[in-house]
Amino acid sequence: MKKYAVITGASSGIGAAFAKKLAKQGYALILIARRKARLDNLAKQLPTECEVVPADLADIDECKRIYKYIADKPVEIFINNAGIGDCGPFLVNSLDKEMQMIQLNICAVHFFTKRMLQKMQKADCGYVLNVASCAGLLPSGPYMATYYATKSYVASLTRAAAMELKECNSNVYIGCLCPGPVNTEFNHTANVTFSLKGISANTCAAYALKQMKKHKTVIIPNIRIKSMVFFGRFLPQSFLIRLVSKQQKKKIYS
Ligand SMILES: NC(=O)c1ccc[n+]([C@@H]2O[C@H](COP(=O)([O-])OP(=O)(O)OC[C@H]3O[C@@H](n4cnc5c(N)ncnc54)[C@H](OP(=O)(O)O)[C@@H]3O)[C@@H](O)[C@H]2O)c1
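Note that this is a predicted model, so its numbers are computed, not measured.

Section: the site of the ligand
Thinking step 1. If you check the shell around the ligand, you find 31 residues, and the closest are Ser-12, Arg-34, Arg-35, Tyr-147 and Thr-184.
Thinking step 2. One of the side-chain nitrogen or oxygen atoms of Ser-12 is found 2.7 Å away from an oxygen atom of the ligand.
Thinking step 3. The backbone of Leu-57 places a nitrogen or oxygen atom 2.9 Å from a nitrogen atom of the ligand.
Thinking step 4. When the free accessible area of the ligand is taken as 880 Å², the share hidden by the protein chains comes to 97%.
Thinking step 5. Those elements giving two or more residues to the shell around the ligand turn out to be helix 1 (13–24) and helix 5 (145–167).
Thinking step 6. A breakdown of the residues in the shell around the ligand according to their chemical character gives 17 nonpolar, nine polar and five charged.

Quick look at the structure:
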């Protein structure tokens, strides 16, 4: 039987890299983002059946429409990847952009996580991978405050749902991908320049899919970020927040 993988934010970066990897593994793909031309172009290059479904996921009615479209399909993998960021002082940053970010990074992810887990639980199989960020594993992120807060939400929700699934011996997987810098269009839309060297979207997606199949709940595809998160646990939170603040300021004022 045909098995589907659904990828949100597939028109560029990590989402497009996921599409390329999963196409090679034989999944039929449902590719979602706003830029239809980009999705069509990607679909043409992939060696598998692709359905392009343009949608603005910052609109909850669009999320509901997408879910209706996939509800009866045998979706094995759902990747909540679409996301945006914004860098700058909280008092200055655009409230409109922040509200859009909250709709996309939190509400859409929450909606699809709930609906997909409910659907997969009925069949007792399937994978939900939420793309958070290493930002979501830190206590907070001055000068990128809303983005860090949205990704903390994603990481927290994912870990809680993963524990509940384990406690009822479910075969359904949920995990979160928490990368550090990845070289994509994110920098441009979030108005940042990385202060650390980024990894490629392909490396990030390949690592994430391997760890997902091993049922790892928190996936960090970069050794430096992994050790930063590990040692961060032993530091006072106020110190860590000051450190992040310094790092973030470098991104906007360099
Ligand atoms: N790059 C990094 O350093 C990094 C690090 C940690 C986590 N992440 C996370 O990784 C995920 C993917 O980002 P990326 O780095 O691959 O950046 P990207 O190249 O900018 O990709 C973002 C994707 O999200 C889609 N998107 C944005 N707004 C949307 C909306 N309203 N509705 C539907 N789709 C929307 C974009 O497509 P359209 O514009 O065509 O809609 C695009 O396909 C994000 O959740 C991001 O927070 C990135």
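Read on, since the account is not over.
A short note on the pattern of salt bridges
Thinking step 1. This model, assessed by the stated rule, comprises seven salt bridges.
Thinking step 2. A salt bridge links Asp-40 to Lys-36; its shortest N-O distance comes to 2.7 Å. Separated by four residues within a single helix, Asp-40 and Lys-36 lie in helix 2 (residues 36–45), roughly one turn from each other.
Thinking step 3. The exposure class of Lys-36 is partly exposed, given its relative accessible area of 44%.
Thinking step 4. Here Glu-51 and Lys-73 are joined by a salt bridge, their closest N and O atoms 4.0 Å apart. Highlighted residues: Glu-51 in strand 3 (residues 50–54) and Lys-73 in the loop between helix 3 (60–70) and strand 4 (75–80), separated in sequence by 22 residues.
Thinking step 5. Here Glu-51 falls in the buried class, since its relative accessible area comes to 15%.
Thinking step 6. Overlapping salt bridges bring together Arg-35, Arg-38 and Glu-185 as one network.

The rules we used
Residues numbered from 1 in each chain as written. Predicted model: local features only at pLDDT ≥ 70, side-chain atom pairs only at ≥ 80, totals over all residues. Heavy atoms only, no water. Near = heavy atom within 4 Å. Polar contact = N/O pair within 3.5 Å; in protein donor to acceptor, adjacent residues only side chain to side chain. Areas by Shrake-Rupley, 256 points an atom, 1.4 Å probe, with all protein chains shown as cover. Helix = DSSP H or I, 4+ residues; strand = E, 2+ residues; numbered from the N terminus. Nonpolar A, V, L, I, M, F, W, Y, C, P; charged D, E, K, R; others polar. Salt bridge = Lys/Arg side-chain N within 4 Å of Asp/Glu carboxyl O. Buried < 20%, exposed > 50% of the residue type's maximum accessible area, 1.4 Å probe, protein only.

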